[in-house]
Amino acid sequence: AATSVFIATLNSQNFGGYADWRLPTIRELFTIVDNSRTNPSIHIGYFPFTQSANYWSSTTHATSSDGAWRLSFSDGSVDGSSMDDSYYVRAVRGGQ
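Residues numbered from 1 in each chain as written. Predicted model: local features only at pLDDT ≥ 70, side-chain atom pairs only at ≥ 80, totals over all residues. Heavy atoms only, no water.

(A) Seen up close, the overall build of the protein chain. For the protein chain, the count of helices and strands is 2 helices and 3 strands. Counting from the amino terminus, helix and strand elements in the protein chain follow one another as α-α-β-β-β. The globule rule puts the C-alpha radius of gyration for 96 residues at 12 Å, and the 13 Å found for the protein chain is close to it. For the protein chain, the C-alpha atoms occupy an extent of roughly 35 × 35 × 20 Å along the three principal directions. (Helix = DSSP H or I, 4+ residues; strand = E, 2+ residues; numbered from the N terminus. Rg over C-alpha atoms; globule rule 2.2 N^0.38 Å.)

Here it is in structure tokens:
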């Protein structure tokens, strides 16, 4: 639902003047984790309003046909989850 609804809406509305928004890969999300911080485990000066919660990635989870990797910004952990679960989305642009 994250891609089919939220990302599609950003692109259809030309959010910020762009129509090439996408979900980040799990690797991309992990690069902005700040392990010296918790709750949230990210530099809030650069990423204000980040919730200490789970965020979807575009990386599919190999053990589940309906799963993807998610990253928790409460502690920087990653895990696979069902696409039926509801998590936050951080939209990005550009090539992977």
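(B) Representation of the pattern of salt bridges in the model. By the definition in use, this model includes 4 salt bridges. For Asp-34, the salt bridge is made with Arg-37, and the minimal N-O distance between the two is 2.7 Å. (Salt bridge = Lys/Arg side-chain N within 4 Å of Asp/Glu carboxyl O.)

(C) Layout of the sheet that holds strand S1 (residues 54–60). Taken together, the 3 strands give an open sheet; going across it, the order is S1-S2-S3, and neighbouring strands pair in antiparallel fashion. The sheet terminates laterally at S1 and strand S3 (78–82), the two strands that pair on one side only. Mean inter-strand twist for the sheet, computed between neighbouring axes without regard to direction, equals 40 degrees. Here strand S2 (residues 67–72) pairs with S3 via 5 bridges, running antiparallel. Bridge assignment links Gly-67 to a residue of S3, and that residue is Ser-82. (Pairing = 2+ DSSP bridges. Axes fitted to C-alpha atoms, helices over the stretch in contact; angles between N-to-C directions.)

(D) Region of the structure containing the side chain of Arg-70. Here Arg-70 is to be found in strand S2. Judged by its relative accessible area of 12%, Arg-70 is buried. Within polar-contact distance, the side chain of Arg-70 engages the side chain of Asn-54 at 3.1 Å. Beyond its immediate chain neighbours, meaning those up to four positions away, Arg-70 contacts Ile-26, Asn-54, Tyr-55, Trp-56, Ser-77, Val-78, Asp-79, Ser-81 and Tyr-87. (Buried < 20%, exposed > 50% of the residue type's maximum accessible area, 1.4 Å probe, protein only. Polar contact = N/O pair within 3.5 Å; in protein donor to acceptor, adjacent residues only side chain to side chain. Contact = heavy atoms within 4.5 Å.)

(E) Fine view of the pairing of S1. Note: S1 against S2, 4 bridges, orientation antiparallel. In the strand pairing of S2, Trp-56 is matched with Arg-70. Where S1 hands over to S2, the hairpin turn is made up of 6 residues, counted between the paired strands.

Note that all results are geometric; they support no functional claim without further evidence.
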